Amino acid sequence: MADTLDSRPHTFSIKLWPPSLPTRQALIERMTNNLSSKTIFTDKFGSLTKDQATENAKRIEDVAFSTANLHYEREPDGDGGSAVQLYARECSKLILEVLKKGPVAAAKAEEVVSASLKETVFDISKGKRAFIEAEEAEELLKPLKEHGNAYTKICFSNRSFGLGAARVAEPILASLRDQLKVVDLSDFVAGRPEVEALEVMNIFSDALRGSVLSSLNLSDNALGEKGVRAFGTLLKSLSSLEELYLMNDGISKEAAQAVSELIPSTDKLKVLHFHNNMTGDEGAVAIAEVVKRSPLLVDFRCSSTRVGSGGGVALSEALERCARLEKLDLRDNMFGAEAGVPLSKTLSRFEHLTELYLSYLNLEDEGAIAIANALKESASPIEVLEMAGNDITVEAASAIAACVAAKQDLNKLNLSENELKDEGCVQIAKSLEEDHLKLQYIDMSSNCIRRAGARALAQVVVKKQGFKLLNIDGNIISEEGVEEVKEMLKKTPEVLGALDENDPDGEAEEDEDEGNDELESKLKKLEVNEDD
C-alpha cells in the first residue's frame, strides 16, 4: 500500500531522543559514582570498586539505551520524552539489580555483571533496509539459538524476510514462546510479492502462537485485511497483550473489522496505535469496539486515518470507558464540530490525561470552544495541548485562554495554523503570564499575528525560567516588531524560533501601529474568566 502522506505544512518540534554521546557518557560517569560511592543503597548492599563500577555502568547504559530506543522507534514522530523517561527508569532498575548482588572480588566482577545484565534485547533492524534469505538468517539469528539465552524482546524491523528466512526463523521463535514479551515485526516483508509476504506472515504467526507477549508491533507491513487474517492464529492466542501497534498498515474498514474480530482479549491492553491508515468511518466503528473492550487503555492513537464525524463520534463514545487514559492522539482526521462536541463530553470525564493531540480535525470555533470548556472543568493535568490547523478564530480565544489558565502543568501549547490574529493571541498570552512554571514550548506560527501579538508572547517567555522554544514564524510581524521581540528576548535569544516564513510586509506599518494601539487599549485590562 502506498503511504498515505499528509501534504499540509506541519510545524517543527524539538526532539529529545536520542541523547548525544556526551550526554550518554555523562550518565555513565554518574552511575559509576552511584555504584562506588557512599549512598543509602551502597550502605545497605555494599559498593563496588571503581573499575567494577565503571564496567557495570557501561553495560547498564547500553542495555537501557537499547530498550528505550526500541520504544522510541514505535513513536517516531513523538518528541522522545517517553523514551527518555524509560531510559532513566531502566538505568535505575539495573543499578539496583547490580548492587543487590553485593560487592564482589575484582576477578569475579565480569561474571556478576554478565549475570545481572544478560542481554535481553535482540535487534537486527540497524543498518540499511535489505532483503534477508535463508543463509543470512541462519547467521543473524544464531544468538537466539544459544542455550540459556535471556532474550525477551526481539526486533526484526527493516529486514525483509523471504520464505527461506521465515522457515529458518520458525523453529527458533517457537522455542522462545515462553520467554518472549516484546516482538517487533514492523516493516519485515517490504518489497515481497503479496503471495510470499502472506505466507511469511502465516509462518511467523504459527511460530509465535500461544506466546505470552505484552507488546506486538506489526506496523509498516501493508497488511490490509489479508495480512491481518494471516496473523489471525497469533492474534487469537494473545491473552496478556498490553501494547499493539498497527501503523501505516493499509487498515481499511474490512481490516479494522478483522482486527476487532481476531483480538478477543483486550482487557489488559494499555497502548493501541493506529496511524496513517485508511480506516474511514466504518473502520473507526470497528476500532471503537476494541476500545470499548480496553478499560485499562492509557495511550490511544488514531491519527491520519480518514475518520469523519460519524467515526469520530463512535470513537469518542467508546473512549468514555477508558478512565485511565493519559495520552490521546486523534490528529489529521475529518471530525468537524459534529464529532468535536461529543469528544468534549468524553474529555471532561478524564482525570489522568497529560497529552492531547487534536490538530487538523476541522474543529472550527464550535468544536474548539466545547473542548476548551470541557478541559477547563476536568481534573486532567494537561502537559501537552495541540490544536493546530483547526480554523480557530478570535471567537474561541477567551475559552482557550480560560482553559490554559486552569492547566498549571502545561509544558507545550501548539495553536499554530489557525486564525487567532493579535486579539486572540494576546488573550491567550495573558492567561499564561502568571505561574505556569513548567511551560517550555509555545507554537503560534501562521496565525496572522502582527506586532502586538508577538510582543504579548515574548512577554510570557521572559517570565518563564527554563523556557525552550517560541515559534511565531509564518505571521505578518513588521521588521520593527521582530526587532522589538528580539530585544525583549536578548538574554535568551536561543528560545526564539526561526522567522524565515514571516512576512513583514503583510500590512503597512502605519496601519499596523494604529490597529495595535487600539487593540492594546482594549486589552490592557483583560482578565481571563475561568467561569466562561
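The rules behind these values
Residues numbered from 1 in each chain as written. Predicted model: local features only at pLDDT ≥ 70, side-chain atom pairs only at ≥ 80, totals over all residues. Heavy atoms only, no water. Helix = DSSP H or I, 4+ residues; strand = E, 2+ residues; numbered from the N terminus. Buried < 20%, exposed > 50% of the residue type's maximum accessible area, 1.4 Å probe, protein only. Contact = heavy atoms within 4.5 Å. Pairing = 2+ DSSP bridges. Right-handed = clockwise from strand over helix to strand, strands pointing away. Polar contact = N/O pair within 3.5 Å; in protein donor to acceptor, adjacent residues only side chain to side chain. Expected span 1.5 Å × (residues − 1). pLDDT = per-residue confidence, 0-100. Axes fitted to C-alpha atoms, helices over the stretch in contact; angles between N-to-C directions. Parallel < 35°, antiparallel > 145°, perpendicular 65-115°, else oblique. Left-handed = near helix turned anticlockwise from the far one by under 90°. Nonpolar A, V, L, I, M, F, W, Y, C, P; charged D, E, K, R; others polar. Salt bridge = Lys/Arg side-chain N within 4 Å of Asp/Glu carboxyl O.

(A) Summary view of the overall build of the chain. The helix and strand inventory of the chain stands at 21 helices and 15 strands. Counting all 532 residues of the chain, 54% fall into the buried class.

(B) Structural context of the side chain of E433. Summarising the element assignment, E433 is placed in the loop between α18 (421-432) and β14 (441-443). Exposure remark for E433: the relative accessible area of 19% places this residue in the buried category. Filtering out sequence-adjacent residues up to four positions away, E433 remains in contact with Q459, V460, K463 and K464.

(C) Representation of the pairing of strand β9 (residues 299-303) within the structure. Within β9, 5 of the 5 residues are buried, which leaves the element mostly enclosed by the surrounding structure. In β9, alternate side chains face the same way, and those of D299, R301 and S303 on one face and F300 and C302 on the other are all buried. Judged from the 5 bridges that link them, strand β8 (residues 271-275) and β9 form a sheet pairing that is parallel. The partner of F274 across the bridge, within β9, is C302. Crossover handedness for the path β8 to helix α13 (residues 280-292) to β9: right-handed. Pairing analysis gives 3 bridges linking β9 to strand β10 (residues 327-329), with the strands arranged parallel. Note that in β10 the partner of F300 across the bridge is L328.

(D) Here's a closer look at the side chain of N414. Summarising the element assignment, N414 is placed in strand β13 (residues 412-414). What makes N414 buried here is its relative accessible area of 4%. In terms of polar contacts, N414 uses its side chain to reach the side chain of S416, at 2.8 Å.

(E) Main features of helix α19 (residues 451-462). Between its terminal C-alpha atoms α19 stretches 17 Å, which fits the 16 Å expected from 12 residues at 1.5 Å a residue. Of all 12 residues in α19, 10 are buried; the element is thus mostly enclosed.

(F) Spatial organisation of the confidence of the model for the chain. A residue-level look at the chain finds 88% of positions with pLDDT of 70 or above and a mean pLDDT of 88. The low-confidence segment residues 105-116, where pLDDT is below 50, has 14 contacts with residues more than four positions distant or belonging to other chains. Here residues 508-532 is modelled with pLDDT under 50, and outside its nearest four sequence neighbours on either side it reaches 38 contacts, counting other chains as well.

(G) Looking closely at the environment of V482. Relative to the helices and strands, V482 resides in helix α20 (residues 479-488). Overall, V482 belongs to the buried group, its relative accessible area being 12%. As for V482 and N502, which are separated by 20 residues in sequence, their C-alpha atoms are 9.4 Å apart. In contact with V482, not counting residues within four places along its chain, are I477, L499 and N502.

(H) Representation of the packing of helix α1 (residues 21-36) against helix α4 (residues 81-100) in the model. Axis separation between α1 and α4 bottoms out at 11 Å; the angle between their running directions is 30 degrees. Here α1 is positioned roughly parallel relative to α4, judged by the angle of their axes. The two elements α1 and α4 meet at a crossing, and its hand is right-handed. From α1, R24, L27, M31, N34 and L35 reach across to α4, where they touch Y87, C91, I95, V98 and L99. Looking at the contact of α1 with α4 residue by residue, the classes come out as 8 nonpolar, 1 polar and 1 charged.

(I) Structural context of the pattern of salt bridges. If you walk through the whole model with that rule in mind, you get 28 salt bridges. Between K145 and E138 there is a salt bridge, with the nearest N and O atoms lying 3.9 Å from each other. Note on K145: relative accessible area 52%, which makes it exposed. A salt bridge links R229 to E261, with the shortest nitrogen-to-oxygen separation between them at 3.0 Å. Pair noted here: R229 is in helix α10 (residues 224-230) and E261 is in helix α12 (residues 253-262), with a separation of 32 residues, a long-range link.

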